[in-house]
Amino acid sequence: MIKLLGVPAYVWSAICLLLAVVWIFIWPSGQATGTSGFTWLALRWGHTATWLILAAAALAAAVGAPVAAQRIALAALPAYAAFVYAMVTTG
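Quick look at the structure, then.

Conventions used here
- Residues numbered from 1 in each chain as written.
- Predicted model: local features only at pLDDT ≥ 70, side-chain atom pairs only at ≥ 80, totals over all residues.
- Heavy atoms only, no water.
- Helix = DSSP H or I, 4+ residues; strand = E, 2+ residues; numbered from the N terminus.
- Buried < 20%, exposed > 50% of the residue type's maximum accessible area, 1.4 Å probe, protein only.
- Axes fitted to C-alpha atoms, helices over the stretch in contact; angles between N-to-C directions.
- Parallel < 35°, antiparallel > 145°, perpendicular 65-115°, else oblique.
- Left-handed = near helix turned anticlockwise from the far one by under 90°.
- Contact = heavy atoms within 4.5 Å.
- Nonpolar A, V, L, I, M, F, W, Y, C, P; charged D, E, K, R; others polar.
- 1 Å grid on protein atoms, 1.4 Å probe; cavity = no way out; pocket = protein on both sides within 12 Å on 5 of 7 lines; lining within 4 Å.
- Points joined across faces, edges and corners; volume = space filled by probe spheres on them.

Some words on the overall build of the protein chain
Point 1. The helix and strand inventory of the protein chain stands at four helices and two strands.
Point 2. When the elements of the protein chain are put in sequence order from the N terminus, they spell out β-β-α-α-α-α.
Point 3. Overall, the C-alpha framework of the protein chain stretches about 45 × 20 × 20 Å when taken along its three principal axes.
Point 4. The 91 residues of the protein chain split such that 29% are buried.

Quick look at the structure:
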């Protein structure tokens, strides 16, 4: 069983999924005022997408696919980078 900090990967997957659900309801709507297109999309869904992708990566690790887990986890980087970029440029 794959563990990170002594916690099984399936538990990390559940935690990431819970965080994704939280970020569905909590997002920087104040900064999104007056934005559209990519910036709005990144602000609204970037953080949520990042946690969903990390949940999928942890789940892949939990079922015994570590290479797939690493590749999926790397896919979270562009989602988070877009979110941070949107946060910085609209702030």
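And the narrative resumes.
Focus on the packing of helix α1 (residues 9-25) against helix α3 (residues 37-62)
Point 1. It is at 8 Å that the axes of α1 and α3 come closest, and there the two elements cross at 165 degrees. One way to sum up the angle between α1 and α3 is to call them roughly antiparallel. Of the two possible hands of crossing, α1 and α3 adopt the one that is left-handed. Where α1 abuts α3, its residues Ala9, Tyr10, Trp12, Ser13, Cys16, Leu17, Leu19, Ala20, Trp23 and Ile24 lie against Arg44, Trp45, His47, Thr48, Trp51, Leu52, Leu54, Ala55, Ala58, Leu59, Ala61 and Ala62.
Point 2. The residue makeup of the contact of α1 with α3, split by class, is 18 nonpolar, three polar and one charged.

What to know about the layout of surface pockets
Point 1. Approximately 230 Å³ is the volume attributed to the largest pocket.
Point 2. Leu4, Trp12, Leu54, Ala57 and Ala58 are the residues nearest the centre of the largest pocket, which is lined by 13 residues in total.
Point 3. Elements with a minimum of two residues in the lining of the largest pocket: β1 (3-4), α1, α3 and α4 (66-90).
Point 4. A per-element tally of the lining of the largest pocket places α3 first, with five residues.
Point 5. Residue classes in the lining of the largest pocket are distributed as 12 nonpolar, no polar and one charged.

What to know about the side chain of threonine 50
Point 1. Summarising the element assignment, threonine 50 is placed in helix α3.
Point 2. Here threonine 50 is in contact with Ala76, Ala79 and Tyr80, once residues within four sequence places are set aside.

Details of unusual backbone geometry
Across residues other than glycine, the phi torsion is negative in most instances, and most of the peptide bonds are trans.
Point 1. We note that leucine 5 has phi near 55 degrees; this positive angle belongs to a residue other than glycine.
Point 2. With respect to the element layout, leucine 5 can be found in the loop between β1 and β2 (7-8).
Point 3. A residue is classified by how much of its surface remains accessible, and leucine 5, at 75% relative accessible area, is exposed.

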